[in-house]
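A structural walkthrough
Read off the chains here:
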Amino acid sequence: MKKAASFALGCKVNQYESEAIAELFQEKGYEIVGIDEEADVYVINTCTVTNFGDKKSRQLIRKVKRQNENAIVAVVGCYAQTAPQELMKVEGVNLVIGTKDRAQIVEMVESYDTSKGVENHVSDIMKERVFEPLSIQKLANRTRAYLKIQDGCSQYCSYCIIPYARGPIRSREPEEVLAEVKRLADNGFKEVVLTGIHVASYGKDRRDTSLLEILKQVHEVEGIERIRFSSIEPNVVTEEFAQAMAELPKVCDHFHLSLQSGCDKTLKEMNRKYDTEKYRQAAATLRKYLPEVALTTDIIVGFPGETEEDFQASYDFAKEIGFAKIHVFPYSPKRGTPAAARKDQLLNAVKSERSHKLIELSDKMADDFLQAYVGKDVEVLYERAVEDGVYEGHTTNYIKVRGRSEKDLTNQICKTKILKAEKEELFGEVDA
């Protein structure tokens, strides 16, 4: 039996696609192995959000080729899409495929002729208008399933290469989404996460659905107890949207509400489509309808031209909103984007100092958020045992909880009394 390894660098969408690719190989009789094991075929799903992501992809290609110099190495994903000629020069690459036609990857691998050198299967993603159906039939050893419902992005933020890597927005057929959700429920999954490159755009290329509509339909699927979805922008959060979220009890009260900067000047230069006032309104609207909501976000520090005053404005705004957690990213220039071409790049030392300040604020806010739960009862979906009699899971608003029980709590939703909070976790006693 031939062996195949499928591995993703980067985001949850890549991880979903890599699992779907692994299933395609498995269906054709391949044994699926880990990326560190010897295999006949390695599929590397690349990330190109930063230049460092490109470097990690190249390093992994060389690593797997050392494991088996006769293996076929197929490189797919965003880096492959945006820089196929560059990847074709990396020693060890056999096939470059990009971000479409992954459904035919097994056929491409099996028809590959080593005597012909590197094959380039990358096509023009900007002309793509149809969602490529890659789905997962089964997921092992998990309680939370990711489900890709959308691809592409048409936002064109000045620092981001992804619209060029993924093409315009394409939404998955609602019937396909619901069929996969039902399969997951039949397989025992209680929680699904709807994900995509720009999930808030779901349905905007169609006339028959929207993000809100698909959430309502997924909500009706029996067996699914919790629904999450990936990052959204404040423009999505209207009164109607927030009220609908409150009326759909399976939708979790955790929103990753993308910010990137709390300074209006920087937001404009980033080509974000909102300002701080719009963000403030969105946060207040969610809290109005969902009192226990956890708001998390991403903030970039050290964007080109960001002055000390700009950073302070961003810091003060983050403090005002009061996040459950901030994912802090020092700005990293990405070749091919307008921001990378600017002459007013900041020193790494400045970016590092600002990152540390914002991380300290995030840690303080996270601790305040968790401490408010000490002494309260929360519902936890337990995902795995971490030691004898101790299980780890998450609340609806995505707080990590460890609970003690003599029973096996895996994939069970249990009421848990919180006794203490420390190091970004709650610790509690499970109600027998």
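For the structure, see preceding data.
Rules used in this analysis
Along every chain, residues carry numbers that run from 1 in the direction the sequence is written. Confidence filtering applies because this is a predicted model: local features only for residues at pLDDT of at least 70, side-chain atom pairs given and counted only at 80 or more, and all residues used for totals across whole chains, interfaces and linings. Side-chain measures here rest on the full set of heavy atoms in the structure, leaving out hydrogens and waters. Counting from the N terminus, the helices are DSSP H or I runs at least four residues long and the strands are E runs at least two residues long. Radius of gyration: C-alpha atoms only; globule rule: 2.2 Å multiplied by the number of residues to the exponent 0.38. Note on classification: 1.4 Å probe, protein chains only; a residue is buried when its accessible area is under 20% of the maximum for its type, exposed when over 50%, partly exposed between these limits. Neither His nor the chain ends is counted toward charge; the positive residues are Lys and Arg and the negative residues Asp and Glu. Where a charge lies is defined by one atom per residue type: Lys uses NZ, Arg uses CZ, Asp uses CG and Glu uses CD. We treat two strands as partners when DSSP finds at least two bridges between them. Each nonpolar core is a collection of buried residues, namely Ala, Val, Leu, Ile, Met, Phe, Trp, Tyr and Cys, held together in the definition by side-chain atoms within 4.5 Å. The contact criterion used is simple: two residues touch if any of their non-hydrogen atoms lie within 4.5 Å. Pairing of N or O atoms within 3.5 Å defines a polar contact, subject to two protein rules: one partner must be a possible hydrogen donor and the other a possible acceptor, and residues neighboring in sequence count only if both atoms are side-chain atoms. The arc under discussion is defined with respect to the helix axis, by the directions toward the C-beta atoms. For every element, the axis is a line fit to its C-alpha atoms; helices are fit only across the contacting stretch, and the angle between N-to-C directions ranges from 0 to 180 degrees. Stacked, edge-to-face and tilted are the three classes for Phe, Tyr and Trp ring pairs, Trp counted by its six-membered ring, which pair at centre distances within 6.5 Å; planes under 30 degrees apart are stacked, over 60 edge-to-face, the rest tilted. Whether a charge sits over a ring depends on NZ of Lys or CZ of Arg being within 6 Å of the ring centre and within 35 degrees of the ring normal.

**Structural notes on the overall build of the chain**
On a plain count of helices and strands, the chain comes out with 13 helices and 18 strands. In terms of overall dimensions, the chain is globule-like: its C-alpha atoms have a radius of gyration of 22 Å, near the 22 Å expected for 432 residues. Projecting the C-alpha coordinates of the chain onto the three principal axes gives extents of approximately 65 × 55 × 45 Å. Taking all 432 residues of the chain together, 54% fall into the buried category. The chain carries 62 positive and 70 negative side-chain charges, and their two centres are separated by 3 Å.

**Examining the environment of Asp368**
By the element assignment, Asp368 lies in helix α13 (residues 348-371). In this structure, the C-alpha to C-alpha distance between Asp368 and Ala324, residues 44 residues apart in sequence, is 8.3 Å.

**Focus on the pairing of strand β3 (residues 41-46)**
Burial runs high along β3: six of the six residues are buried. Of the two faces of β3, the one lined by Val41, Val43 and Asn45 and the one lined by Tyr42, Ile44 and Thr46 are each fully buried. Here five bridges tie strand β1 (residues 3-8) to β3, and the two strands are oriented parallel to one another. Paired with Ser6 across the strands is Val43, a residue of β3.

**Points about the nonpolar core**
Of all hydrophobic cores here, the largest spans 63 residues; its most connected members are Leu211, Phe229, Ile232, Met245 and Phe255. Apart from residues no more than four positions distant in its own chain, Met245 is found in contact with Leu212, Leu215, Phe229, Val251, Phe255 and Leu290. Formed by 22 residues, the second largest nonpolar core is a distinct cluster that contains Ala5, Val33, Cys47 and Val122.

**Concerning the side chain of Arg228**
The topology assignment puts Arg228 in strand β10 (residues 226-229). Taking the relative accessible area as the measure of exposure, Arg228 reaches 6% and is therefore buried. Looking at Arg228, its side chain comes within polar contact range of the side chain of Glu191, at 2.8 Å. Arg228 has contacts with Arg144, Glu191, Val192, Val193, Leu194, Cys252, His254, His394, Thr395, Thr396 and Tyr398, leaving out every residue within four places of it along the chain.

**Describing helix α9 (residues 239-246)**
Among the residues making up α9, those that are buried are Phe241, Ala242, Ala244 and Met245. The arc that holds the buried residues of α9, viewed along the axis, is 160 degrees, so those residues lie on one side. Tucked into the core, α9 has its buried residues touching α8 (211-219), β10, β11 (254-256) and α11 (276-289).

**A look at unusual backbone geometry**
Positioned with a positive phi, Tyr156 is a non-glycine residue whose angle comes to about 55 degrees. Checked against the element boundaries, Tyr156 lands in the loop between β7 (144-151) and α6 (162-166). In this structure, Tyr398 takes a positive phi of about 65 degrees despite not being glycine. Among the structural elements, Tyr398 can be located in the loop between β15 (390-394) and β16 (400-404).

**Quick look at the sheet that holds β7**
An order of β8-β7-β9-β10 is seen for the four strands of this open sheet, with the pairing classed as mixed. The open sheet is flanked by β8 (170-171) and β10, the only strands paired with a single partner. Two strands pair when backbone bridges link them, and strand β9 (residues 191-196) and β10 are joined in this way by four bridges, in the parallel orientation. Pairing of Val192 across the sheet is with Ile227, part of β10. Sheet strands touched by helix α1 (residues 12-27): β7 and β9. Its angle to β7, the strand with the most contacts, is close to 105 degrees. Against the sheet, α8 makes contact with β7, β9 and β10, and its axis sits at roughly 160 degrees relative to β10, the strand it touches most.

**A closer look at the environment of Tyr274**
Relative to the assigned elements, Tyr274 resides in the loop between α10 (264-270) and α11. Here Tyr274 falls in the buried class, since its relative accessible area comes to 7%. Spatially, the C-alpha atom of Tyr274 lies 8.4 Å from that of Glu233, the residues being 41 residues apart in sequence. Not counting the four nearest positions on each side in its chain, Tyr274 is found in contact with Glu233, Pro234, Asn235, Ser258, Leu259, Gln260, Leu267 and Tyr279. Looking at Tyr274, its side chain comes within polar contact range of the main-chain oxygen of Ser258, at 3.3 Å. In this structure the side chain of Tyr274 is engaged in a polar contact, spanning 2.6 Å, whose partner is the backbone oxygen of Leu259.

**Describing the packing of aromatic side chains**
Enumeration according to the criterion identifies eleven aromatic pairs in this entry. On the basis of an interplanar angle of 85 degrees and a centroid distance of 6.4 Å, the ring pair of Tyr159 and Phe303 is categorised as edge-to-face. You can see Tyr159 sitting in the loop between β7 and α6 and its partner Phe303 sitting in the loop between β12 (294-301) and α12 (308-321), a full 144 residues away along the chain. Of the two residues, Tyr159 and Phe303, both sit in the buried class. Centre to centre, the rings of Phe303 and Tyr331 are 5.5 Å apart; their planes meet at 70 degrees, and the pair counts as edge-to-face. A residue pair is termed long-range when its members are at least 10 positions apart, and Phe303 in the loop between β12 and α12 and Tyr331 in the loop between β13 (325-330) and α13 qualify at 28 residues. In terms of burial, Phe303 and Tyr331 fall into one category: buried. An aromatic cluster is built from Tyr274, Tyr279, Phe317 and Phe323, whose rings are joined through pairwise contacts. Note that Lys376 overlies the ring of Tyr373, its terminal NZ or CZ placed 5.4 Å from the centroid.

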